[in-house]
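Commentary on secondary and tertiary structure
Below are the chains, spelled out letter by letter.
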Amino acid sequence: MTVRIIDGIKIGKEIREELRTEVALLRNNGLVPGLAAVLVGNDPASRVYVNNKIKACESLGIFSKLVQLSKETTTKQLLEHISALNQDDSLHGILVQLPLPKSIDEKTILVAIDPAKDVDGLHPFNAGNLVLGNNSLKPCTPSGIIEILRRENISTKGAHAVVIGRSNLVDGPTDWKGMLPNYWIPQDPRTSSIRLAHLIDDVFELVSGGASRADVIPGHEGDPDLYPVWSPTELGDALIQA
């Protein structure tokens, strides 16, 4: 098998078109999906991320509410906002943009979100159900990668996967190691092994090690220059998700 680079952007556009139809059906039946995004502080990257989510909601017909708070916001104050969002019936999902300012207890905030509205899947209730293979809200990025694999008819049976990057939303033990048998390809519980590469030294070590033997390489570093270090010969029959 030759190296295959999947066009995730193209697939993403296809999914959005499907979602527009699904959202329109919900709205026609009197249900307007709603998402709240909470942004604390003025981190430029976080602001871009949240703004993109709001724009995506608008393009799909989803109601969105942006809660912008100063970096001086306390844990107690943020908890009050989370409580109000939990009780707002017009909102079906809550996203608290991470990282939060160091003065805020992040774990306390994540636990305070209603598990039924925890769209990032970071509440212990959802993370635990994920590991157990039970139905729950799942982290978006791994879910997106899995959806891409499904749409490309790629089985992970017996596969060796190398995940490049560092984030609880993408490559934490819960997201990948814990959920592979039950979640990556639910009908195929024999997915075999997972390798995480967090540091740049790990990434380049994988050129002569793990990545050269990998079948699937999900990466979320945001730096495309990391990936050309592997030639098709070095990768063998690996698959890069782009």
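Cut-offs used in this document
Residues numbered from 1 in each chain as written. Predicted model: local features only at pLDDT ≥ 70, side-chain atom pairs only at ≥ 80, totals over all residues. Heavy atoms only, no water. Helix = DSSP H or I, 4+ residues; strand = E, 2+ residues; numbered from the N terminus. Contact = heavy atoms within 4.5 Å. Core = buried A, V, L, I, M, F, W, Y, C linked by side-chain atoms within 4.5 Å. Buried < 20%, exposed > 50% of the residue type's maximum accessible area, 1.4 Å probe, protein only. Expected span 1.5 Å × (residues − 1). Arc of directions from axis to C-beta. Pairing = 2+ DSSP bridges. Right-handed = clockwise from strand over helix to strand, strands pointing away.

Before going further, it helps to spend a moment on the environment of Leu-91. Structurally, the position occupied by Leu-91 is in the loop between helix 3 (75–87) and strand 4 (93–96). In this structure, the C-alpha to C-alpha distance between Leu-91 and Phe-63, residues 28 residues apart in sequence, is 8.1 Å. Those residues in contact with Leu-91, other than ones at most four positions away along the chain, are Gly-34, Leu-35, Ala-36, Phe-63, Lys-65, Leu-85 and Lys-117.

What follows covers the nonpolar core. Val-38, Leu-78 and Val-96 are the most contacted members of the largest nonpolar core, which totals 17 residues. Those elements giving two or more residues to this core turn out to be strand 2 (34–40), strand 3 (63–69), helix 3, strand 4 and helix 4 (106–112). Excluding its chain neighbours within four sequence positions, the residues that come into contact with Val-38 are Val-67, Leu-69, Leu-78, Ile-82, Leu-85, Leu-95, Val-96 and Gln-97. Of all hydrophobic cores here, the second largest spans six residues; its members include Ile-6, Ile-11, Ile-148 and Ile-154.

Bringing helix 3 into the picture now. For helix 3, which comprises 13 residues, the first-to-last C-alpha distance of 19 Å matches the rise-based estimate of 18 Å (1.5 Å per residue) to within 8%. Buried residues of helix 3: Thr-75, Leu-78, Ile-82, Leu-85 and Asn-86, and no others. The buried side chains of helix 3 occupy one side of the element, clustering within an arc of 100° when seen end-on. Exposed and oriented more than 90 degrees from the buried face of helix 3 are Lys-76 and Gln-87. Structurally, helix 3 contributes buried residues whose contacts are with strand 2, strand 3, strand 4 and helix 4.

Counting buried residues in strand 2 gives seven out of seven residues, a clear majority hidden from the surface. Of the two faces of strand 2, both are covered, the one formed by Gly-34, Ala-36, Val-38 and Val-40 as well as the one formed by Leu-35, Ala-37 and Leu-39. Across seven bridges, the pairing between strand 2 and strand 3 is parallel. Paired with Leu-39 across the bridge in strand 3 is Gln-68. After leaving strand 2, the chain enters helix 2 (residues 44–60) and then returns to the sheet as strand 3, a path that is right-handed. Summarising the sheet, strand 2 and strand 4 pair through four bridges and their orientation is parallel.

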